[in-house]
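An overview of the molecular structure
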Protein chains: 2
Amino acid sequence: MTKWVYNFNANESEGKADMRNLLGGKGANLAEMASMGLPVPAGFTISTEVCTAYYENGEKYPKDLEEQVNNSIRKIEEIMGAGFGNVSNPLLVSVRSGARVSMPGMMDTVLNLGLNDDTIKGLITKSGDERFAWDSYRRFIQMYGDVVMGVDYHSFEDVIDSYKRREDLKNDTEIDAAGWKDIVSEFKQIVRDEAGKDFPTEPKEQLWGAISAVFGSWNIPRAVTYRKIHDIPDDWGTAVNVQAMVFGNMGEDCATGVAFTRDPSTGENYFYGEYLVNAQGEDVVAGIRTPQSLTIKGREMESSDLPSMEEVMPEVFSQLNDVRLKLEKHYKDMQDIEFTVQQSKLYMLQTRTGKRTAAAALKIAVDMVEEGLITKEEAINRIDPMALDQLLHPRLDPNAKRDVIGKGLPASPGAASGKLVFSADKAEAMAKDGKKVILARIETSPEDIHGMHAAEGIITTRGGMTSHAAVVARGMGCPCVAGAGSLSIDYKAGTISNGTITLKEGDIVTIDGSTGEIMKGEVDSLQPELSGDFELLMSWADEIRRMKVRTNAETPNDAATAIKFGAEGIGLCRTEHMFFDASRIQKVREMIIGTGNRDEVLSYLLNKQRGDFSSLFKIMAGLPVTVRLLDPPLHEFLPHSQDDIKNFAKEAGVEIDEVKKRLSELAESNPMLGHRGCRLGITFPDIYAMQVRAVIEAALEVKMETGEAVVPEIMIPLVSNVKELSILKKLVDEEAEKVFAEKDNMVEYMVGTMIELPRAALTADEIAKEAEFFSFGTNDLTQTCLGMSRDDAGNFLPEYVEKSIYEKDPFVSIDVKGVGQLVDIAVNKGRNARVDIKLGICGEHGGDPASITFCENVGLDYVSCSPYRVPIARLAAAQSAIRQNF
Amino acid sequence: MTKWVYNFNANESEGKADMRNLLGGKGANLAEMASMGLPVPAGFTISTEVCTAYYENGEKYPKDLEEQVNNSIRKIEEIMGAGFGNVSNPLLVSVRSGARVSMPGMMDTVLNLGLNDDTIKGLITKSGDERFAWDSYRRFIQMYGDVVMGVDYHSFEDVIDSYKRREDLKNDTEIDAAGWKDIVSEFKQIVRDEAGKDFPTEPKEQLWGAISAVFGSWNIPRAVTYRKIHDIPDDWGTAVNVQAMVFGNMGEDCATGVAFTRDPSTGENYFYGEYLVNAQGEDVVAGIRTPQSLTIKGREMESSDLPSMEEVMPEVFSQLNDVRLKLEKHYKDMQDIEFTVQQSKLYMLQTRTGKRTAAAALKIAVDMVEEGLITKEEAINRIDPMALDQLLHPRLDPNAKRDVIGKGLPASPGAASGKLVFSADKAEAMAKDGKKVILARIETSPEDIHGMHAAEGIITTRGGMTSHAAVVARGMGCPCVAGAGSLSIDYKAGTISNGTITLKEGDIVTIDGSTGEIMKGEVDSLQPELSGDFELLMSWADEIRRMKVRTNAETPNDAATAIKFGAEGIGLCRTEHMFFDASRIQKVREMIIGTGNRDEVLSYLLNKQRGDFSSLFKIMAGLPVTVRLLDPPLHEFLPHSQDDIKNFAKEAGVEIDEVKKRLSELAESNPMLGHRGCRLGITFPDIYAMQVRAVIEAALEVKMETGEAVVPEIMIPLVSNVKELSILKKLVDEEAEKVFAEKDNMVEYMVGTMIELPRAALTADEIAKEAEFFSFGTNDLTQTCLGMSRDDAGNFLPEYVEKSIYEKDPFVSIDVKGVGQLVDIAVNKGRNARVDIKLGICGEHGGDPASITFCENVGLDYVSCSPYRVPIARLAAAQSAIRQNF
């Protein structure tokens, strides 16, 4: 008999924290807390295997599940001394989902399950609070009706609103027992009307309905979307947690709250959290009432008038603080906890690893190493490399003028400017058009996720630091100002206003997620300064990683940024970028079109490129610099619009028709596979010779001037056949020799190639005989290996990722099975043919952590990425090295 | 000490026929003939290794070469009883090139070497013919001046012409000894003027000059071009043959001739050749004098008035005929021989395997099997599969009206029509523009090769059956009418005329290379009927080959042709070709543009395609038919010109702007790598479902009607990932099941995929779990593996082939190292995953003999090619099987 159900309570705990695959995160941690002796309401977890079996089996349950659930219910009944459906002493339970990883807001929850027109009597007796009991009943119907029976949540809210209007009441708290009782009966009518059947009265029937709703919610579109964004396989499934209810809303000696064991925003080591007196848990998270701080320190930091839990319930707070310390010591990580206080008794409802900002993650990891809780390796593994992005991006210039129109909570740090939009769809659409947008919502919900992803920053006018918007934005590293209550949003009018100033859709705003300020217009920003924690952690990463990290850069500005971020050389300098400069492009065009004097143009470009290389080489003092010779199809340089063509012809002094004729000769059906890369070098050797001369002359110049010569690595692109490389290597060597002879001086240099075509990878043994280094150009290698043009994939690739044909966009994260196989073949053949061949990657995958892991696994010597990705790559390389050594 | 020089003479023969790599074809065969006891003038061969060493060593000779040459010269002197440079009894020699394979007309020859102002006296004495001696001397200066010293040949001809004008003579034969003597002295002046130095007088100096000229001629552009066209590696090198002179021009008892041991045009077993009395060998080959037939039969066949050798010199002819029989028995193949008769004594100057038409090759091979000379396997190996092409192409309809304007020799069989051109360059240029051209020349020379390759047919007005034009045209399988003396060509005016009718460049002519007729305008042609020899040889090939041969066909016409040529099924039916039909394309466009009612269009296309498949399936009764589902980018179906767009919009009843908008949405940067192939099936499953239904319904229809059901092999194109195939295979199976259920009947079918992307090949193990067959789409596989668009490669691929980066155009002959490696990987992974997986090739390589050999070597089950290539593929498959078993 398969064990489908795992109990946890004060007496036994059948699960453990490391059983999260089976029990989900929530269930595993409830079990763990129970076994640690923490006060957890009795309950049980239906394992994720049931979810998988359920879907594999045409949405049917394993046949022995019901019996196991019944046994576990009986255990809860025994411990709680109450009975499921017992009229005098009813057991109420909560039913919650719990997947392997936390999926905030994605899954549906049902509380107070077990209530009906009979058991309500027992609850009234037991609690001695009729109003509480009816309120609980209406909440149950409302949640269950919504989640299980598909009744619109707003229908229920409308009933409450019209009741309040009728009775001239302002707040829900003013509704008395009789009022809630009336509402319950109206709710049941709504269920009957909208769901077409009666609200179930039998607790077991209620329970199975809720369980099915949890499993059902695994496959609703928003959950599927979330999993896709976060790379969660569909077959992990969710568990279901059934747990005895405890009530934070049974009176003024009750409360409910969520907390983080350290500040999730800064990482500071103090108890950070919010609570509400006389409330149920959902009230805090939903952001409907503004919660109060847990601690005096927190209250002071937020300049709040509302008293903290530390002040209001000092004794329970002290217990809670003990739990906090115990949990951190036990889990060795910052925890995100939920608790309820029922009649002054503390219950722990959840603990899980807390989401945090990148800055917080950094600080917590470094602090915990210093506190002796974790090792340096563990600290390194704690940081999501991609999250570093938010530390590296600009913050607002403190001296810049700020036209502040409102303020909210500093929910996710960083600054952002963009056009205001008021819906997720609009945000996504405008971002697709290349516009930067700030998404402003009254509050956000999981339906908004795609818009939040598309936005540069997020504003909400309602909700706290743990509201949906805040949690999600921090997770994404997206600046967010939450609960900016002084502003009001009018969706219909498409405006946000503070009463005086009204901004409309498309107006530019700036937000500072670190202060909570919202400003009109764009505010100047500054390059980020990196904290000591960052430098420290990076220094640990540098100690541990094996692979070098270089950057892709052509401009002195990019090169300097990259050096600041720790780049150890240039892995890809795209020389053609130097041709696009306004002052040069006319010359280049004349050369290609054949109107200019070719020698004159080449000598002009030689001077320019020598200067460019010289600046780069000075910045990269002593480091390797890989210079790729001309790569793109020539027609990329050419004028395309009628105006451009006219201007070009005029300046060059040729007929427009002549230009057009040449343009059409140069046009290609598939330029990606056309006359480009080393094919240009073979057919126009003079251009390559000019570029080589510029590189070598610049290197000599810098050597003479600074004494710190770079080692230029001259890279021949798009090689498919060793003979191309042989011919062009000869050209490089001959040109270099000429320069050496002229200058009576020399520098070291290397000649190598991009491996960016399948044939190059497959014949890497031959190519390595000529090439001193390989640089994997995984962008083109992906295009050719998969036969997929990145520019054209938009018509089908989203559907491909949605259908899991490719789990991830193969242009973002390397396709290990296909492209990776080619890289692996090339690495092995290359090393066999030339044992000391230098191997690196310069495609955009070089800045993607998963791809970096692949690079470590196949044993590349370095990765190269854009300047802002350099720290990400350093960290990811260290993590990969740790994994490799493990 | 390396042996560089090999002697041959009546006493010894250091070489053999199988040493052609070392001695070249000519040298090896001279040695072989010497060892057979045939009358060969004494001589020696400088090996091809000297040529290679010469070029490897900066055009310097090995240091011991001179001594070896001197020794060999001494041997000739001894045998001939004459001395090199001896005034009273001078030894004269010929110097000829001789590469491993025959390269007609490519290499330069020097005769009569050893003559100078002193030795001429000895020659006069020895021959007793002063005129002959001076004529020989002037010929020597002329050839040597041209070939070795780079003096324009025409400068010499001009001297002779002006001499004749001066003396009022018509023919060279009228010039007497004194005349030639004057001319000799003028020739020497010309050399002095044009070469800037004196004509060398010292025989040894002359000899080394000639040897160097032979080696030098190995690398002149026309030789390089010839090697490229004929796939001859540059490092084979040429040998040099130095041989005592014999003279066919010493009087009326002298003659020279060339012959084939069987008719090289038809293959008929009779002695076929031409000779000239009192002439040197070059006179025959150059086509300047019209030669006489060797035999009475030959004379009669050509209706010639000139007496045959058989009649004029019966005794020598009889010796020659004996030699012919001996050679055929010895070499077991038809020989092409050169001979000279000096004062009634026969000398053999050359024997080599004779070039022949495809028809002759076929007949000779089949006859020799029947004569017991060779085996069936040898017969099969004797036929160049590509040469079959000429047997398979149309001949003129005998009932069609022929407006004959002239007649020449039937020099190379087959019929062709095209626009008249008068230069090789023009022929090439017009052919590049897709025009069919007939190249007409007074006579052709090696400089015309590129134009001859480009032309559909060749006309010359001068020269015989063994003239340059005739030999080359037969080798290329290109129809040729040679020596059409009734026509005259005016290069300047760009006309050809028979006196009455004058045609100009661009006018259409038709030639019949089998009758020698030249016709004005285009004449209807007929499908070829294949001879019994063809059928017999093919039946031997079919017995021997392992691989099946299928065809690529969509139309009933193509399918029927292929069946006639022996196709064993269809390997590629490109369903989209069925969409281009004028009556259908509007509907297809409406569907894609989204203006039409999609369901209506699909049901319209379903009916059409069902009909198409049904016709094909009936023709292919019982054979497998691979149907590829929609493959090309959708925009290929769309209107592109303004007119087309306007017409489409009008007929569809939509706005032009709407159509243009949709067109620009569908445009792609790199359509080859874009939204096509199975990506269309994933995103538009309804189109694929329609196609599957059409296939299955048609198969059922044919099964019901004829009882002979084909086995449709439904092929999913452009798969890069097994999941694409899984999804689409499910779609195919579901649709087929639906049809089976509706019709209450079923047919067998298979589902498989094209392997045409590197990733598909690399993950063939996964893909084979879903695919019942693989068909290698080597066109696209070449494009993606090499990153080379076939449509765009024109800008660099010719230079690539010229520089030997790729030895052959990889779109014509499979790139074994790269693309072949992927095929090999896929074959192995595919077979490991599914032991009985069916493997074939359907790219254009399927009709290329070298690629077919590759397919045999990796063990494919079949090749598929265009209908006309089917016999070629059958033969090539047999040859590959023989090679594989050897």
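Residues numbered from 1 in each chain as written. Chains lettered and ligands numbered in written order. Predicted model: local features only at pLDDT ≥ 70, side-chain atom pairs only at ≥ 80, totals over all residues. Heavy atoms only, no water.

Once that is clear, we can look at the pairing of strand E22 (residues 517-520) of chain A. Residues and elements named next belong to chain A. Pairing of strand E12 (residues 404-407) with E22, which is carried by three bridges, proceeds in the antiparallel orientation. Its bridge partner being in E22, Val 404 is matched across the sheet by Met 519. Examined bridge by bridge, strand E21 (residues 508-512) and E22 share four bridges and lie antiparallel to one another. Within E22, the residue paired with Val 509 across the bridge is Lys 520. Linking E21 to E22, which pair antiparallel, is a turn of four residues; within it Gly 516 sits at a positive phi near 90°. (Pairing = 2+ DSSP bridges. Helix = DSSP H or I, 4+ residues; strand = E, 2+ residues; numbered from the N terminus.)

Inspection of every chain in the model, using the stated rule, returns 40 aromatic pairs over all chains. Arranged with centres 5.7 Å apart and planes meeting at 50°, the rings of Phe 579 of chain B and Phe 637 of chain B form a pair that is tilted. Of this pair, Phe 579 of chain B sits in the loop between strand E25 (570-574) and helix H22 (582-593) while Phe 637 of chain B sits in the loop between strand E26 (624-628) and helix H24 (642-652), placing them 58 residues apart in sequence. As far as the burial class goes, Phe 579 of chain B and Phe 637 of chain B line up, both buried. Taken together, the aromatic side chains of Tyr 54, Tyr 55, Tyr 61, Trp 208 and Phe 215 of chain A make up a single cluster linked through ring pairs. Here Arg 550 of chain A stacks its cationic end above the ring of Tyr 862 of chain A, 3.8 Å away from the centre of that ring. Just above the ring of Tyr 270 of chain B sits the side chain of Lys 297 of chain B; from NZ or CZ to the centre is 4.5 Å. (Phe/Tyr/Trp six-rings, centres within 6.5 Å; stacked < 30°, edge-to-face > 60°. Buried < 20%, exposed > 50% of the residue type's maximum accessible area, 1.4 Å probe, protein only. Lys NZ or Arg CZ within 6 Å of the ring centre and 35° of its normal.)

Placing chain B over chain A gives an RMSD of 0.2 Å and needs a rotation angle of 180°, together with 0.0 Å of translation along the axis. Here the copies are linked by what is in effect a two-fold axis. Judged by C-alpha distance, Asn 670 of chain B is the residue of chain B that lies nearest the rotation axis, at 2.1 Å. Of the residues that chain B buries at the interface, 100% are likewise interface residues in chain A, meaning the two copies contact each other through the same surface. (Least-squares fit on C-alpha atoms with pLDDT ≥ 70 in both. Contact = heavy atoms within 4.5 Å.)

All names here are of chain A. Tracing the chain through its elements places Arg 138 in helix H5 (residues 130-147). Its relative accessible area of 6% is what places Arg 138 among the buried residues. There is a polar contact of 2.6 Å between the side chain of Arg 138 and the side chain of Gln 142. The residues touching Arg 138, leaving out its near neighbours within four places in the chain, are Ile 160, Trp 180, Val 184 and Phe 187. (Polar contact = N/O pair within 3.5 Å; in protein donor to acceptor, adjacent residues only side chain to side chain.)

Averaged over chain A, the pLDDT score is 90; the fraction of residues at 70 or greater is 97%. Predicted as a complex, the structure gets a pTM of 0.78 and an ipTM equal to 0.77. (pLDDT = per-residue confidence, 0-100.)

Moving on, we get to the nonpolar core. Counting residues in hydrophobic clusters, the biggest one holds 283 residues, and the most contacted among them are Phe 617, Phe 774 and Phe 776 of chain A together with Phe 617, Phe 774 and Phe 776 of chain B. Once residues lying within four places of it in the same chain are set aside, the contact partners of Phe 774 of chain B are Thr 753, Ile 755, Ala 764, Ile 767, Ala 768, Ala 826, Gly 830, Ile 837, Lys 838, Leu 839 and Gly 840 of chain B. (Core = buried A, V, L, I, M, F, W, Y, C linked by side-chain atoms within 4.5 Å.)

Let's shift gears to the sheet that holds strand E14 (residues 415-421) of chain A. Residue and element names in this part refer to chain A. Across the sheet, eight strands lie side by side as E12-E22-E21-E14-E15-E16-E17-E13; this open sheet has mixed pairing. The open sheet has two free edges, formed respectively by E12 and strand E13 (409-412), since each of these has just one partner strand. Mean inter-strand twist for the sheet, computed between neighbouring axes without regard to direction, equals 30°. (Axes fitted to C-alpha atoms, helices over the stretch in contact; angles between N-to-C directions.)

With that settled, the discussion passes to a negative patch on the surface. Residues and elements named next belong to chain A. A contiguous patch of negative charge on the surface is contributed by Glu 167, Asp 168, Glu 174, Asp 176 and Asp 182. Here Glu 174 is to be found in the loop between helix H6 (153-167) and helix H7 (177-195). Note on Glu 174: relative accessible area 38%, which makes it partly exposed. (Patch = residues over 30% accessible without salt bridge, like charges linked within 9 Å, V, L, I, M, F, W, Y side chains within 5 Å. Areas by Shrake-Rupley, 256 points an atom, 1.4 Å probe, with all protein chains shown as cover. Salt bridge = Lys/Arg side-chain N within 4 Å of Asp/Glu carboxyl O. Lys, Arg positive; Asp, Glu negative; His and termini not counted. Charge placed at Lys NZ, Arg CZ, Asp CG, Glu CD.)

To continue, consider the packing of helix H3 (residues 65-80) of chain A against helix H8 (residues 203-217) of chain A. Residues and elements named next belong to chain A. Close contact between H3 and H8 brings their axes to 13 Å; oriented N to C, the two are set at 120°. Note on packing geometry: the crossing formed by H3 with H8 is right-handed. Of the residues in H8, those in contact with Leu 65, Glu 66, Val 69, Asn 70 and Ile 73 of H3 are Lys 204, Leu 207 and Trp 208. Classifying every residue of the contact of H3 with H8 by side-chain character gives five nonpolar, one polar and two charged. (Left-handed = near helix turned anticlockwise from the far one by under 90°. Nonpolar A, V, L, I, M, F, W, Y, C, P; charged D, E, K, R; others polar.)

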